[in-house]
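# A look at the structure
Listed below, chain by chain, are the residues.
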Number of protein chains: 2
Amino acid sequence: MLTERQRAILQAVVENYIRSAEPVGSRTIARLTGLNLSPATIRNEMADLEAMGYLEQPHTSAGRIPSYKGYRYYVDHLLTPEAIDRAWVEALERRFYARSVAIEEALRKTAAILAELTHYAVVALGPEVFTARLVKLEFVPLDEARAVTVLVTDTGHVEHKVVELPQGLSAEDLAHLVERINAELKGAAISTLAPKIHRLLAQAMESNREALFRAERFFEALLHPREEARLIVDGTTEIIAQPEFRSVDRVRELLKLFEAEEPLFTVLRQVEDGVQVHIGLEDVLGLGSPLSLVTATLTVGEGQRTTIGIIGPPRMDYAKAIGLLSALSFIFDAWRERGLG
Amino acid sequence: MLTERQRAILQAVVENYIRSAEPVGSRTIARLTGLNLSPATIRNEMADLEAMGYLEQPHTSAGRIPSYKGYRYYVDHLLTPEAIDRAWVEALERRFYARSVAIEEALRKTAAILAELTHYAVVALGPEVFTARLVKLEFVPLDEARAVTVLVTDTGHVEHKVVELPQGLSAEDLAHLVERINAELKGAAISTLAPKIHRLLAQAMESNREALFRAERFFEALLHPREEARLIVDGTTEIIAQPEFRSVDRVRELLKLFEAEEPLFTVLRQVEDGVQVHIGLEDVLGLGSPLSLVTATLTVGEGQRTTIGIIGPPRMDYAKAIGLLSALSFIFDAWRERGLG
DNA sequence: AGTTAGCACTCGTTCCGTCCGAGTGCTAAC
DNA sequence: GTTAGCACTCGGACGGAACGAGTGCTAACT
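For clarity, every value in this text was computed on a predicted model and none was experimentally measured. (Residues numbered from 1 in each chain as written. Chains lettered and ligands numbered in written order. Predicted model: local features only at pLDDT ≥ 70, side-chain atom pairs only at ≥ 80, totals over all residues. Heavy atoms only, no water.)

By definition, the strands of a sheet pair up through backbone hydrogen bonds, in either a parallel or an antiparallel sense. All names here are of chain A. The antiparallel open sheet is built from three strands, whose spatial order is S4-S5-S6. Looking at which strands have only one partner, the edges of the open sheet turn out to be strand S4 (134-141) and strand S6 (158-164). Across the sheet, the mean angle separating the axes of adjacent strands is 15° when strand polarity is ignored. This element, helix H9 (residues 209-223), spans S4, strand S5 (146-153) and S6 of the sheet and lies at about 140° to S6. (Pairing = 2+ DSSP bridges. Helix = DSSP H or I, 4+ residues; strand = E, 2+ residues; numbered from the N terminus. Axes fitted to C-alpha atoms, helices over the stretch in contact; angles between N-to-C directions. Contact = heavy atoms within 4.5 Å.)

Here we take up the sheet that holds strand S5 (residues 146-153) of chain B. Residue and element names in this part refer to chain B. Strands sit in the order S4-S5-S6 across an open sheet of three strands; the sheet is antiparallel. Two strands close off the open sheet at either side, each with one partner strand: strand S4 (134-141) and strand S6 (158-164). Here the strands of the sheet are splayed against their neighbours by 15° on average, with no regard to which way each runs. Its contacts with the sheet place helix H9 (residues 209-223) against S4, S5 and S6, and it is angled at close to 140° to S6.

Around DNA strand C there are 21 residues in total, and A:Ser26, B:Arg5, B:Thr41, B:Thr60 and B:Ser61 lie nearest to it. Among the atoms of DNA strand C lying within 4 Å of the protein, the sugar-phosphate backbone contributes 77%. Taking A:Ser61, its main chain carries an N or O atom lying 3.5 Å from a sugar or linking oxygen of DNA strand C. A distance of 2.6 Å separates a phosphate oxygen of DNA strand C from a polar side-chain atom of B:Thr41. Looking at the surface near DNA strand C, the elements that each hand over two or more residues are helix H3 (39-51) of chain A together with helix H3 (39-51) of chain B. Looking at side-chain class alone, the surface near DNA strand C contains four nonpolar, 13 polar and four charged residues. (Near = heavy atom within 4 Å. Polar contact = N/O pair within 3.5 Å; in protein donor to acceptor, adjacent residues only side chain to side chain. Nonpolar A, V, L, I, M, F, W, Y, C, P; charged D, E, K, R; others polar.)

All right, on to the relation of the copies chain B and chain A then. Between the two copies, chain B and chain A, the superposition gives an RMSD of 0.1 Å; the rotation angle is 180° and the shift along the axis is 0.0 Å. Overall, the copies show the geometry of a two-fold rotation axis. Closest approach to the rotation axis within chain B is made by the C-alpha atom of B:Val248, at a distance of 2.8 Å. Both copies contact each other with a shared surface, as 100% of the interface residues of chain B are interface residues in chain A too. (Least-squares fit on C-alpha atoms with pLDDT ≥ 70 in both.)

Here it is in structure tokens:
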């Protein structure tokens, strides 16, 4: 659709705007591209690009900025992912290989590093507990009325809860039940645990229906490992330093978004595999101001995925974000293979 | 030192400024207090109060605002803590009594509620792991090379870590050692654990010095339960809505403070018992803009304290903050007694 | 002696007009 | 198809005027 020249101009506009955060005019483009064209010619082309919807003009006497369509075209056809910084990869690898570390910890560190590197915000889904497998369920009485239950998964994740002991069931009874659960259900996916425990309880306690009922309530409570969003967020101060957040209202809106967790959580859950660029998230997130997101899905265990994303203004450095996230999923693949081997 | 009238005027200025965030003038005071004095008289008194250092004038033709000294006098002599909202206390009590809950969880919820109620930020120290007592140490092998260790304390707190298995020591050996630790050290304070384990290991493995060395390294690693600041922060969006944070720079500064954790952590650690008001924290926190803090120390277990604080601009509603925190420590006392009984 | 009315003065805020510069679209010439 | 030239637009910075809230001081009042 676009001529070679138009593509060059579009690219120049996008990249310039990404760098400067200011609308870019024909003069700048004329100087910047190797096309050796006069500003007037560029102006004509830019008018065409605007008519086609790739560029926008904040007001008559300003330069052009890319529209979402323009960004999209840039991301899909013009951008070359930033070359991966070997030093960075090695630093990350050292961090992960050096010592064993639970996935959540790894994600947290990664998010912090990405935020520092990009100067954008980084969000990540906490590890999906449901698809992990049971390694051990622990039952630790604290006093007459309370106990701590601890659930350990094969990904090194630990889920714990203080629970009230059900009346009519002794701590010994419960410890016994937990023992049986461990013996029979080790290796089962957490998501399949509930019905299995159900069956097991029914089998073990068929004689005493009252106790069965109480035991079921007890295990049900502890097995609903908080569905609460486990959203990892970092780099808030970084993204706030971007010029688009010079207004306090926008900052407030962003912080609210991060605090609410839910909207971002659902977005991250629905992203497709691989590295994806989402331009203009404001409607899906219910925001008043535009936002972009570059996501990557990381495979962290057998059949377990998690998602990490870099959030910036639409004027974000997609090349860098894509480059970093590609490298990251590569590193995670290597880590996983080695970690499990 | 101050006459009754001066005290009344000072109080009126402080309370007005707290409400309006605008310098308050003589006219307003004349209308507001029941003193039935003309603005001119008030002006004379205010000039005196300024000379004594209780009030300040942003510029000649503006009203007065309290100085730190003025706030201090207000807090120490003039303020009446806000009456406690029974509904609030009951809501909190229900939350804590209703179901057993780990202290960290309780603190988090409390912080959220306080933030919503006050429209300021709330910070709290995570529970002090060191003074808690060991209930159980668990050792859960994940695969040939890694294991998860889980430490449960009497406060319902759980500390866990993925660790690498030391070469030359089998998982059985380690499980055995952990068993002995549990048998002999249950009830010991976490802070005293290290030397005790040391002795126990030496005793158990005197025959094999190489293995002893490795085991020591292993336990040492897992016993340093992250000294990382465990700072709970909530209400960022609330405090940001305060008029003093209309400038993005101040917002950024505040967010940096919350992210750094360390400065606030040390401040919270050093506060004295009871409800304390700290006016003007900027120097101790290394900030460019003023900030106040109202803290309360909460007793959460035998000999275990934690600190919670409400952060606001110096123009914060001290009466409300003090009222809420007093009520809170009362609730915690009741909770603790009941939780342990 | 304490209180108050009156008044000149200060200073931040808002409003408005001007100027400037960056950038555009259009036309006509190359 | 490209470019020089030019009139035009519009936001931003600058500066002065008007305004208003508030002060300090003096002189009069109780």
